[in-house]
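Breakdown of the fold
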Amino acid sequence: MADAADLRETTSSRARRWLRRTGALLAAAPVLAGVLQAPGAPAAHAAGKPTGSRSVDVDITSLTPTAPTKSDTLTVSGTVTNDSGSTVSGAHVGLRVGPTMEGRNAIDSASRRTGYQQGADGTEIGGKYAEKIGKLGAGASRDFTLSIPVNELHLGENGVYQLGVSLSGQTRSRPWQQVLGIKRTFLPWQSSAPAKKSQLTYLWPLISTPHMTSRTDADEDRTPIFRDDRLKAELAPGGRLQQMVSLGKNLPITWVIDPDLLATVDAMTREYEVQNRHGDGTTAGSGQAVAKRWLNDLQKAVQGHQVVALPFSDPDLASLAHHGKNVPGALSHLRDATELASTTVETVLGVKPRTDFAWPADGAVDSSIVDVATSAGAHNVIARSDSLRETGNLSYTPTAARQIGGGNTAVVADARLSTAFTGDMSKADNSTLAIQRFLAQSQMINLQSPDRQRSIVVAPQRIPTTSQAQAMAAALDGLSGQWTQPMNLGQAAKAKPDPNATQRVPSTRSYPASLRRQELPTQAFEDVRKTQGTLDRFVTILTAKYHVVSPFGNAIRREMSTSWRGDARGATHFREGVQGYLEGLTRKVRLIPKTDMTLSGRSATIPVTVQNNLVQGVQLRLVLRSQQGNRLAVSEPQVVNVEGGHSQSVKFGTTANANGPVWVSAQLVTPDGQPYSREMAFEVNVTEITSTVILVIAGGVLLLVLAGIRIYLQRKRTATANGGDEDAQENEVKDAETDGDDPASALVPEQPSDPAPDTGSQSAGASGAGEKVDH
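So, here's what we can say about the structure. Note that the coordinates shown come from a computational prediction; the quantities given were computed from them, not determined experimentally.

Looking at the packing of aromatic side chains
- Within the structure shown, the criterion is met by 6 aromatic pairs.
- Judged by centre distance (4.7 Å) and plane angle (45°), the rings of Phe-226 and Tyr-272 are tilted. Of this pair, Phe-226 sits in strand S11 (residues 224–226) while Tyr-272 sits in the loop between helix H5 (259–268) and strand S13 (273–275); the two residues are 46 residues apart in sequence, bridging distant segments of the chain. Each of the two residues, Phe-226 as well as Tyr-272, counts as buried.
- Aromatic rings pair up to connect Tyr-202, Trp-204, Phe-421 and Phe-438 into one cluster.
- In this structure, Arg-462 packs its charged tip against the face of Trp-359, placed 4.4 Å from the ring centre.
- A cation over an aromatic ring shows up here: Arg-557 above the ring of Phe-312, its NZ or CZ 5.9 Å from the ring centre.

Spelled out as structure tokens, the structure:
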């Protein structure tokens, strides 16, 4: 912010710096002349190898103290590497103190410069404070350590001094002493207390990627299933999240936490499963101990600090604004995520967080993002100064808070300070330079207008690596309150805004194209809508809804996480996994398929079986529809209750008005009347009883009567002929009846039926006489 401030220095300050530069240039003139007139000075080496002051690479791996005082001894360590193709002889390493920086732009320019610039890079502090290297062969490296009392640096007024570490020597082609390599850094110098200290707010983010799935094990505890067990390594000693807590507990910071991380770690403290790489099996998770230790350490670390809770799973506000807000129901997830945030943090950490802050990715804002962010109750939007740019030509960096209308405040983080540690901080050289640059920029903000106290906010990358977190902590330790004083984010949002600072939010056209390419597409929010609709229908039939609402609700919120930026394939796979698993659960409640049936008689019953393979019970309605109600009428829909792991048979009464086939369909619907399953159609063939059938039956009865008379008369004749042994004759007749065919048996054929349910059947009435069921 306020790059214009670099051009507005006091007249006396500019004069002093002009005199110093002029003197340095005059002193260097004879040397330059000698170099230009040196006999036999060869041309530059062939392309491919560094030459001149870029021949040797200088790395600064350590600088202590980072912001020295008068009584300190400055120690600088590092490594020099000969990148040229020839040996360097008579080499030594020395410190060079350059002029004070004129502004924040000057710090940036000096950081980018690579070659040696005589005069601009200051004079070497030689003698006993230099370290001799001697010969340095091509490709060879040597370590060095320089120590010098700070009073030998001859630092003057308060300011940011350029500090160079150079290697000087000679080569066979250039046989004179010259600077063959240099690395620049900065040395903040505060010899006296400033008139007013800057108020610094540093956000300390505890955010991770989604680790939990929507799946739970089919046991009574409903054990959660994780996508992977990588979080265990982050929580273990030396891991990223363990370091964030360990470092942050003693720093003047504001904790910014994704509640989803807390919920995930809390779930890890109990039994959990981890799905394998192919997703077709699970193994037991083993992170319980590290999860418990980490949560315990975090609970202690946040005491006395302000905690800001982001909406659950850190939804991507820019993606919602640009692609999701026109998809019905998308914004409701943001409101739910905000409400869940406070409950989660209070439950897990025992502290009440602030939930009125929104943090778009990289602090990039436009009018649509602000509208979405504030729609869920966040009245403070954390932006960044490279998005909400200054247009008022201010001579200083203004206070972070800005009133942007509608009772909302933009808290504008300083872009240079916020991005200071985004590189590879695992290399000691990168880390050391980043720390010194951070301290230099923070002091320069104070020096811009020493009598004007301002509130400065730093919002670093969302998920710092372990080395980045360590560098951030070292920089905050280096401040030591010399020109800053800590302030939490809530206080920074309430700070009195600078009336001359930019308050106009950029239009949607100004949103960076590089960030827009990383956003979730509209299809992602359509997928979210589909999954939510499936879930809404599913839970209406469940008797223990909370067992499903919570894991799937959280999974849907995870589908919109900012952490999916740059991982479009992973985001799509996660959404498909949630939807696929949910649909699989809904199919566990189904109708047992039926084949065609035959109904005999004017009234009969049709049995339909509902199967529930879920762990919990369900309640829904079963509807039977006749496609020709004038020929076959069926009874009203019935409520069906089926326990988990059971099936239930339901009987529907029917009334036949005509013979012939009729198509009938069965369908499960939710208690509120929404279709739950597809219609299951089957054919029912109605065979009505006619007069012809009655005559046939009457004839059969007559035959039975005549047969009875015949048997009776035969018995009488036999008894008379055999002298009246009626008992023997009766047994004979019985045997004959047993061996013969019963004429009535042909009228009652044996019929198949539906599979027997494992619970009692529900019926619309008693079965009618003469029912016949074929399926």
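With respect to the pattern of salt bridges
- For the structure shown, the criterion picks out 21 salt bridges.
- Among the salt bridges present, the one from Arg-113 reaches Asp-121, with a minimum N-O distance of 3.1 Å.
- Judged by relative accessible area, Asp-121 falls into the buried class, the value being 0%.
- The network of salt bridges with common partners includes Asp-59, Lys-183 and Asp-429.

Focus on the sheet that holds strand S6 (residues 141–149)
- Read across the open sheet, the 3 strands follow the order S1-S2-S6; overall the sheet is antiparallel. With one partner strand each, in any of the chains shown, strand S1 (56–64) and S6 form the two edges of the open sheet. Ignoring which end each strand starts from, the neighbouring axes of this sheet average 20° apart.
- Two strands pair when backbone bridges link them, and strand S2 (residues 73–82) and S6 are joined in this way by 9 bridges, in the antiparallel orientation.

As for the layout of surface pockets
- The space that makes up the second largest pocket amounts to roughly 670 Å³.
- Along the walls of the second largest pocket sit 25 residues, with Met-212, Ala-267, Arg-270, Ser-550 and Asn-554 positioned nearest its centre.
- Only strand S10 (212–216), H5, helix H8 (330–349) and helix H16 (546–558) provide two or more residues apiece to the lining of the second largest pocket.
- In terms of residues, the lining of the second largest pocket owes the most to one element, H16, which gives 6 residues.
- Here the residues of the lining of the second largest pocket are counted per class, giving 9 nonpolar, 9 polar and 7 charged.

Focus on the nonpolar core
- Counting residues in each nonpolar core, the largest one holds 72 residues, and the members touching the most others are Phe-538, Val-608, Leu-622, Phe-682 and Val-684.
- For this core, the leading source of residues is helix H15 (residues 522–539), giving 6 residues.
- Residues contacting Phe-682, with those up to four places away along its chain left out, are Lys-594, Thr-595, Asp-596, Met-597, Ile-606, Leu-624, Val-662, Trp-663, Val-664 and Ala-666.
- Residues Trp-204, Leu-261, Val-274 and Val-302 belong to the second largest nonpolar core, which totals 57 residues.

So, the environment of Asp-424
- On the secondary structure map, Asp-424 appears in the loop between helix H10 (415–418) and helix H11 (428–448).
- The exposure class assigned to Asp-424 is partly exposed, which follows from its relative accessible area of 37%.
- Linking Asp-424 and Thr-465, residues 41 residues apart in sequence, is a C-alpha distance of 8.9 Å.

Focus: the sheet that holds S10
- Taken in spatial order, the 4 strands line up as S10-S11-S13-S14 in an open sheet, and their pairing is mixed. Unpaired on one side and paired on the other, S10 and strand S14 (282–284) mark the two borders of the sheet. Within this sheet the neighbouring strands show an average axis-to-axis angle of 40°, counted without direction.

Section: helix H9 (residues 367–375)
- Within H9, the full set of buried residues consists of Ser-368, Ile-369, Val-370, Val-372, Ala-373 and Thr-374.
- One or two positions beyond H9, positive phi appears at Gly-377, with a value near 105°.

Overview of a nonpolar patch on the surface
- Residues Leu-702, Leu-703, Val-705, Leu-706, Ile-709, Tyr-712 and Leu-713 make up a contiguous nonpolar surface patch of roughly 690 Å² in combined accessible area.
- By the secondary structure assignment, Leu-706 is in helix H18 (residues 691–721).
- Exposure remark for Leu-706: the relative accessible area of 48% places this residue in the partly exposed category.

So, unusual backbone geometry
- The amide bond that connects Thr-64 to the next residue, Pro-65, takes the cis arrangement and shows omega of -15°.
- Position of Pro-65 relative to the elements: it lies in the loop between S1 and S2.
- Residue Asp-362 is not a glycine yet carries a positive backbone phi of 60°.
- Position of Asp-362 among the secondary structure elements: in the loop between strand S16 (357–358) and H9.
- The phi dihedral of Asn-393 is positive, around 55°, even though this residue is not glycine.
- Note on placement: Asn-393 falls in the loop between strand S17 (380–384) and strand S18 (401–403).
- The class of Asn-393 is partly exposed, set by a relative accessible area of 49%.

Thoughts on H5
- In terms of residue burial, H5 counts as a mostly covered element, since 8 of its 10 residues are buried.
- Every buried residue belonging to H5 is among Pro-259, Asp-260, Leu-261, Leu-262, Thr-264, Val-265, Ala-267 and Met-268, and all of these are buried.
- Two to three positions downstream of the cap, the backbone nitrogen of Asp-260 sits 3.0 Å from a side-chain oxygen, assigning the N-cap of H5 to Asp-258.

So, the side chain of Ser-563
- Along the chain, Ser-563 turns up in the loop between H16 and helix H17 (568–586).
- Exposure remark for Ser-563: the relative accessible area of 18% places this residue in the buried category.
- Here Ser-561 takes part through its side chain, which lies 2.9 Å from a polar atom of the side chain of Ser-563.
- The contacts of Ser-563, once residues within four sequence positions are left out, are Ser-208, Thr-209 and Pro-210.

Some details on empty space enclosed by the protein
- Applying the stated rule across the entire model yields 5 cavities of 30 Å³ or more.
- Size it by volume and the second largest cavity reaches roughly 50 Å³.
- Along its surface, the second largest cavity is lined by Pro-311, Leu-317, Leu-334, Thr-338, Thr-355, Phe-357, Ala-358, Ala-373, Ala-376 and Ala-378.
- Within the residue set of the lining of the second largest cavity, elements represented by two or more residues are H8 and S16.

Quick look at the packing of H5 against helix H6 (residues 288–301)
- Taken N-terminus to C-terminus, the directions of H5 and H6 make an angle of 135°; their axes are 8 Å apart at the nearest point. The angle between H5 and H6 falls in the class oblique. Two packed elements cross with a definite hand, and for H5 against H6 that hand is left-handed. On the side of H5, the interface is formed by Leu-261, Leu-262, Val-265, Asp-266 and Met-268, while H6 contributes Gln-288, Ala-291, Trp-294, Leu-295 and Leu-298.

Topic: the pairing of strand S29 (residues 660–669)
- Burial of S29 is extensive: 8 of the 10 residues sit out of reach of the surface.
- Both strand S25 (residues 618–626) and S29 contribute to a ladder of 6 bridges, which runs antiparallel. Note that in S29 the partner of Leu-622 across the bridge is Leu-668.
- Judged from the 7 bridges that link them, S29 and strand S30 (residues 680–687) form a sheet pairing that is antiparallel. Residue pairing in the sheet places Val-664 in a bridge with Phe-682 of S30.

Cut-off values and rules
- Residues numbered from 1 in each chain as written.
- Predicted model: local features only at pLDDT ≥ 70, side-chain atom pairs only at ≥ 80, totals over all residues.
- Heavy atoms only, no water.
- Phe/Tyr/Trp six-rings, centres within 6.5 Å; stacked < 30°, edge-to-face > 60°.
- Helix = DSSP H or I, 4+ residues; strand = E, 2+ residues; numbered from the N terminus.
- Buried < 20%, exposed > 50% of the residue type's maximum accessible area, 1.4 Å probe, protein only.
- Lys NZ or Arg CZ within 6 Å of the ring centre and 35° of its normal.
- Salt bridge = Lys/Arg side-chain N within 4 Å of Asp/Glu carboxyl O.
- Pairing = 2+ DSSP bridges.
- Axes fitted to C-alpha atoms, helices over the stretch in contact; angles between N-to-C directions.
- 1 Å grid on protein atoms, 1.4 Å probe; cavity = no way out; pocket = protein on both sides within 12 Å on 5 of 7 lines; lining within 4 Å.
- Points joined across faces, edges and corners; volume = space filled by probe spheres on them.
- Nonpolar A, V, L, I, M, F, W, Y, C, P; charged D, E, K, R; others polar.
- Core = buried A, V, L, I, M, F, W, Y, C linked by side-chain atoms within 4.5 Å.
- Contact = heavy atoms within 4.5 Å.
- Patch = residues over 30% accessible without salt bridge, like charges linked within 9 Å, V, L, I, M, F, W, Y side chains within 5 Å.
- Areas by Shrake-Rupley, 256 points an atom, 1.4 Å probe, with all protein chains shown as cover.
- Polar contact = N/O pair within 3.5 Å; in protein donor to acceptor, adjacent residues only side chain to side chain.
- Parallel < 35°, antiparallel > 145°, perpendicular 65-115°, else oblique.
- Left-handed = near helix turned anticlockwise from the far one by under 90°.

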